[in-house]
Amino acid sequence: VTNEVYLVVDAGIVNITICAINQFAQMLKEEVFPNESWKQDGGIKHAIPHLKQFVEANKFSADQVKGICISTLNIEIKMQQRSIFLPFLYKAAFEKEFPGLIIRAANEVLLSALGEYQITYKATPRSLFYVSWGHAINGGLVLNGKIVPGQNGIASNLGHVAIKGVGTKCLC
């Protein structure tokens, strides 16, 4: 039996939660850090140092860590005259910082849809549409066991529905 470790980074607006799981999907350790740079860059500036601190504190060796999965809101960031979605920014930053590791990034609803699919249907090739509401009404689509993210990771987002033109400005 190997001691493989997979790291999961959940970058939310308030906190960055990092956990380590083994190859049997058992949680080994979890820690929550404040997301001090959410408004500047979605938390990327602090997520990488927090992850390094987590790995060092838990004495995970480079040989043990096999991959990193990043879950974050699917917010569009304007950069250099174009828009890019936050999960893609995280993926690029983590690939640069952790070369050689498998890095996956998606919005939280797509990952929730995949988790629900795997728990409910296990290995049976079926399809599932997962609906979540929070900062927006979002959906996650799994067709025949595979996530359907679309070009920007928002293929199944239902979007924002304005009831009245008043209220808190959207995070997106």
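Cut-off values and rules
Residues numbered from 1 in each chain as written. Predicted model: local features only at pLDDT ≥ 70, side-chain atom pairs only at ≥ 80, totals over all residues. Heavy atoms only, no water. 1 Å grid on protein atoms, 1.4 Å probe; cavity = no way out; pocket = protein on both sides within 12 Å on 5 of 7 lines; lining within 4 Å. Points joined across faces, edges and corners; volume = space filled by probe spheres on them. Core = buried A, V, L, I, M, F, W, Y, C linked by side-chain atoms within 4.5 Å. Buried < 20%, exposed > 50% of the residue type's maximum accessible area, 1.4 Å probe, protein only. Helix = DSSP H or I, 4+ residues; strand = E, 2+ residues; numbered from the N terminus. Contact = heavy atoms within 4.5 Å. Expected span 1.5 Å × (residues − 1). Arc of directions from axis to C-beta. Pairing = 2+ DSSP bridges. Axes fitted to C-alpha atoms, helices over the stretch in contact; angles between N-to-C directions. pLDDT = per-residue confidence, 0-100. Parallel < 35°, antiparallel > 145°, perpendicular 65-115°, else oblique. Left-handed = near helix turned anticlockwise from the far one by under 90°. Nonpolar A, V, L, I, M, F, W, Y, C, P; charged D, E, K, R; others polar. Disulfide = S-S within 2.5 Å.

(A) Representation of the layout of surface pockets within the structure. In this model, the second largest pocket occupies a volume close to 400 Å³. Lining the second largest pocket are 15 residues, with Y6, L7, V8, I21 and C69 sitting closest to its centre.

(B) A look at the nonpolar core. Ranked by internal contacts, the top residues of the largest apolar core, which has 26 residues, are L7, V9, L51, I68, Y90 and F94. Elements that contribute at least two residues to this core include exactly β1 (5–11), β2 (15–22), α2 (44–57), β4 (65–72) and α3 (86–97). With six residues, α2 is the largest single contributor of residues to this core. Filtering out sequence-adjacent residues up to four positions away, F94 remains in contact with V9, A47, I48, L51, I68, I70 and I103.

(C) Looking closely at unusual backbone geometry. Of note in this structure, K59 is not a glycine but carries a positive phi near 55 degrees. Examined against the element boundaries, K59 turns out to sit in the loop between α2 and β4.

(D) Geometry of α3. Across its 12 residues, α3 extends 17 Å between first and last C-alpha, which sits within 8% of the 16 Å expected from 1.5 Å per residue. Among the residues making up α3, those that are buried are L86, P87, L89, Y90 and F94. The arc enclosing the buried residues of α3, seen along the axis, measures out at 160 degrees, which places them on a common side.

(E) Geometry of the sheet that holds β1. Read across the open sheet, the five strands follow the order β3-β2-β1-β4-β7; overall the sheet is mixed. Where the open sheet ends on each side, the last strands, each with one partner, are β3 (27–34) and β7 (102–107). Strand-to-strand, the axes of this sheet are offset by a mean angle of 15 degrees, without reference to chain direction. Relative to β7, β4 runs parallel, the two being bridged by six bridges. Residue I70 lies in a different strand from β7, and its bridge partner there is A105. On top of the sheet, α2 reaches β1, β2, β3 and β4; it is set at about 40 degrees to β2, its chief contact. Helix-sheet contacts for helix α4 (residues 108–121) involve β4 and β7, and the interaxial angle to β7 is about 105 degrees.

(F) Local environment of the confidence of the model for the protein. Of all residues in the protein, 76% attain a pLDDT of 70 or more, and the chain-wide mean is 79. Taking the mean pLDDT of every element in the protein, the minimum, 63, falls on strand β5 (residues 76–79) and the maximum, 93, on β3.

(G) Spotlight on the packing of α2 against α3. Contact pair α2 / α3: the axes reach a minimum separation of 11 Å and the direction vectors enclose 45 degrees. In terms of orientation, α2 and α3 fall into the oblique class. By crossing handedness, the relation of α2 to α3 is classed as right-handed. Packed against α2, whose contacting residues are I44, A47, I48, L51 and K52, the element α3 presents L86, L89, Y90, A93, F94 and E97 at the interface. When its residues are assigned to classes, the contact of α2 with α3 shows nine nonpolar, no polar and two charged.

(H) Layout of the state of the cysteines. All told, the structure shown has zero disulfides when counted by the stated rule. The cysteine C19 is free of any disulfide, with C69 supplying the nearest cysteine sulfur at 9.2 Å. For C19, a relative accessible area of 11% puts it in the buried group. Judged by relative accessible area, which is 25%, C69 ranks as partly exposed.

(I) Main features of the sheet that holds strand β9 (residues 137–143). Across the sheet, which stays open at both edges, the three strands sit in the order β8-β9-β10 with antiparallel pairing between neighbours. Two strands close off the open sheet at either side, each with one partner strand: β8 (128–133) and β10 (146–147).

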